[in-house]
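# Breakdown of the fold
What follows is each chain in one-letter form.
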Amino acid sequence: ERTRQRSPLDWAATQSNLGNALFSQGQREEGTTSLKEAVQAYQAALTERTRERAPLEWAMTQNNLGNVLRALGEREKSSQRLYSAIEACHEALTERTQERSPLAWAMTQNNLGNALLALGLLENNVARLKEAEHSYIDALKGYTQEHTPSDWAATTRNLAITRESIARQQEN
């Protein structure tokens, strides 16, 4: 039995898995209920999956929290949710370093770029778009065409979208 009292880290893993399932479901639905429940599940996991107790699991959960907050921010057109997504990604990057886990670092850099891109588009903010551009460039240091072609392609596409958005905003 995976109760919080008996096995807190197993309970946290279950909460994180619940968050993953709710996030996946929320991406297919129109409303925000499942996405909000995913946020709650990840936040619950983080009460036991602390940075001190399980740093890499904590960072993974922060990354996942950032993703769902970005999705919520885009759906609700909420700058506050996007700022929270950015904060969660920055937190994750304190443990998901390029040296320690280059692919996880690249993933989080890409996710950070996604949140910054969404915020830059929402607020018509070129500075945020340029931050997104830098995050994608960093992600491409870990994602290579040779070793991770689909991640490389997706990140390259994100970078192109960001650069196009910067150009459009600078024209206006």
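So, here's what we can say about the structure. (Residues numbered from 1 in each chain as written. Predicted model: local features only at pLDDT ≥ 70, side-chain atom pairs only at ≥ 80, totals over all residues. Heavy atoms only, no water.)

### A short note on the packing of helix 4 (residues 79-93) against helix 5 (residues 102-123)
Their axes nearest at 9 Å, the elements helix 4 and helix 5 cross at an angle of 160°. Classified by the angle their axes make, helix 4 and helix 5 are roughly antiparallel. Once helix 4 is placed against helix 5, the crossing between them reads as left-handed. Facing Ser 79, Leu 82, Tyr 83, Ala 85, Ile 86, Cys 89, His 90, Ala 92 and Leu 93 of helix 4, the residues of helix 5 in contact are Trp 105, Thr 108, Gln 109, Asn 111, Leu 112, Ala 115, Leu 116, Ala 118, Leu 119, Leu 122 and Glu 123. (Axes fitted to C-alpha atoms, helices over the stretch in contact; angles between N-to-C directions. Helix = DSSP H or I, 4+ residues; strand = E, 2+ residues; numbered from the N terminus. Parallel < 35°, antiparallel > 145°, perpendicular 65-115°, else oblique. Left-handed = near helix turned anticlockwise from the far one by under 90°. Contact = heavy atoms within 4.5 Å.)

### Section: the packing of helix 1 (residues 8-28) against helix 3 (residues 55-76)
Close contact between helix 1 and helix 3 brings their axes to 11 Å; oriented N to C, the two are set at 25°. Taken together, helix 1 and helix 3 sit at an angle that is classed as roughly parallel. In this structure, the crossing between helix 1 and helix 3 has a hand that is left-handed. Within the contact between the two elements, helix 1 uses Ser 16, Asn 20, Phe 23, Gly 26 and Gln 27 and helix 3 uses Thr 61, Asn 64, Asn 67, Val 68, Arg 70, Ala 71 and Arg 75.

### Overview of the pattern of salt bridges
As enumerated under the stated definition, the model contains 11 salt bridges in all. Salt-bridge contacts for Arg 53 lead to Glu 48; the nearest nitrogen and oxygen are separated by 2.6 Å. Arg 70 is paired through a salt bridge with Glu 74; the nearest N and O atoms lie 2.8 Å apart. Placement of the pair is Arg 70 and Glu 74 together in helix 3, with a separation of 4 residues, close to one helical turn. (Salt bridge = Lys/Arg side-chain N within 4 Å of Asp/Glu carboxyl O.)

### Let's talk about the side chain of Glu 95
With respect to the helices, strands and loops of the structure, Glu 95 is situated in the loop between helix 4 and helix 5. With residues up to four places along the chain from it excluded, the contact list for Glu 95 reads Arg 51, Pro 55, Leu 56, Trp 58, Ala 59 and Arg 100.

### A closer look at helix 1
The first and last C-alpha atoms of helix 1 sit 31 Å apart over 21 residues, in line with the 30 Å expected at 1.5 Å per residue. The complete set of buried residues in helix 1 reads Trp 11, Ala 12, Ala 13, Gln 15, Ser 16, Gly 19, Leu 22, Phe 23 and Gly 26. (Expected span 1.5 Å × (residues − 1). Buried < 20%, exposed > 50% of the residue type's maximum accessible area, 1.4 Å probe, protein only.)

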